[in-house]
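# Working through the structure, step by step
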Amino acid sequence: MHILGISGSLRKASLNSAALRACADLLPAGVTLSVFDLSPIPLYDEDVRAQGLPEPVQQLREQIRAADALLIATPEYNYSIPGVLKNAIDWASRPPEQPFNGKPVALIGATPGGFGTSRAQYHLRQVFVYLNAHLLNQPEAFISAAPTKFDEQGKLTDAATADQLRKLLAALDQWTRRLQG
Ligand SMILES: Cc1cc2nc3c(=O)[nH]c(=O)nc-3n(C[C@H](O)[C@H](O)[C@H](O)COP(=O)(O)O)c2cc1C
């Protein structure tokens, strides 16, 4: 069982990328996680698409298709989904055979703020309704006051958050196996 992780932040010291890295150490037995880097994905342009999908977009679509499940770590920008992440979803979602269809997806998010990216995560859930992905409902993972939970190197130091992420990953594993029958 393989999970593809996607962070909605490009910056090196990203709390969301740090949370994804932490997840790699909290996986259930038999589960692997790799992370797709969104930085080479261009801005969506229908004229470009008409000439063929750019190579990084093709890679993203192939890796989504090949993964058993997705784990998306989203920042919250202005109460919603950051453009970098929405742009990547928009590219990947174009027909034919959009790869989110039927895919198990779990969301996490980290912010210095107090609401743990909940508003961005609920907007993402709405986007994935149209794309017919199967979102894990519970448990949720809203990492608020995140700079107090990671050290200077971006290593997760908060035991309660680690426990929360471990439970979410176990639930994603079960959810994926259930959907795969
Ligand atoms: C344009 C912009 C808008 C933001 N809006 C929100 C917001 O609505 N809610 C929130 O909790 N944090 C907000 N923040 C702060 C981000 O949560 C913070 O920059 C966070 O560290 C970004 O995630 P990253 O560390 O993975 O890059 C905003 C940041 C930026 C740059």
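Refer to the structure above for everything that follows.
Notes on the structure follow. (Residues numbered from 1 in each chain as written. Predicted model: local features only at pLDDT ≥ 70, side-chain atom pairs only at ≥ 80, totals over all residues. Heavy atoms only, no water.)

Assigned secondary structure in the protein consists of six helices and six strands. Beginning at the N terminus, the succession of helices and strands in the protein can be written as β-α-β-α-α-β-α-β-α-β-β-α. For the protein, the C-alpha radius of gyration of 15 Å lies close to 16 Å, the compact-globule estimate for 181 residues. Looking at the protein as a whole, 49% of its 181 residues are labelled buried. Only carbon and sulfur atoms are counted for the fraction: they give 52% of the accessible area of the protein, which is about 9000 Å². Across the protein, the mean location of the 17 positive side-chain charges is 4 Å away from that of the 17 negative side-chain charges. (Helix = DSSP H or I, 4+ residues; strand = E, 2+ residues; numbered from the N terminus. Rg over C-alpha atoms; globule rule 2.2 N^0.38 Å. Buried < 20%, exposed > 50% of the residue type's maximum accessible area, 1.4 Å probe, protein only. Areas by Shrake-Rupley, 256 points an atom, 1.4 Å probe, with all protein chains shown as cover. Lys, Arg positive; Asp, Glu negative; His and termini not counted. Charge placed at Lys NZ, Arg CZ, Asp CG, Glu CD.)

On to the pattern of salt bridges. With the rule as written, the count across this model stands at six salt bridges. The closest approach of N and O atoms between Arg49 and Glu46, which form a salt bridge, is 2.9 Å. Of this pair, Arg49 and Glu46 both sit in helix 2 (residues 46-50), three residues apart, which is roughly one turn of the helix. Asp163 is the partner of Arg166 in a salt bridge, and the nearest nitrogen-oxygen pair spans 3.7 Å. Of this pair, Arg166 and Asp163 both sit in helix 6 (residues 159-180), three residues apart, roughly one helical turn. The exposure class of Arg166 is partly exposed, given its relative accessible area of 40%. Assessed through its relative accessible area of 33%, Asp163 is described here as partly exposed. Within the structure, one salt-bridge network assembled from shared partners comprises Asp163, Arg166 and Lys167. (Salt bridge = Lys/Arg side-chain N within 4 Å of Asp/Glu carboxyl O.)

On to the site of the ligand. Taken together, Ser9, Arg11, Ser14, Leu15, Asn16, Pro75, Glu76, Tyr77, Asn78, Tyr79, Thr111 and Pro112 are the residues near the ligand. For the ligand, whose unbound accessible area comes to 620 Å², protein coverage reaches 71%. Tallied by class, the residues present in the shell around the ligand amount to five nonpolar, five polar and two charged. (Near = heavy atom within 4 Å. Nonpolar A, V, L, I, M, F, W, Y, C, P; charged D, E, K, R; others polar.)

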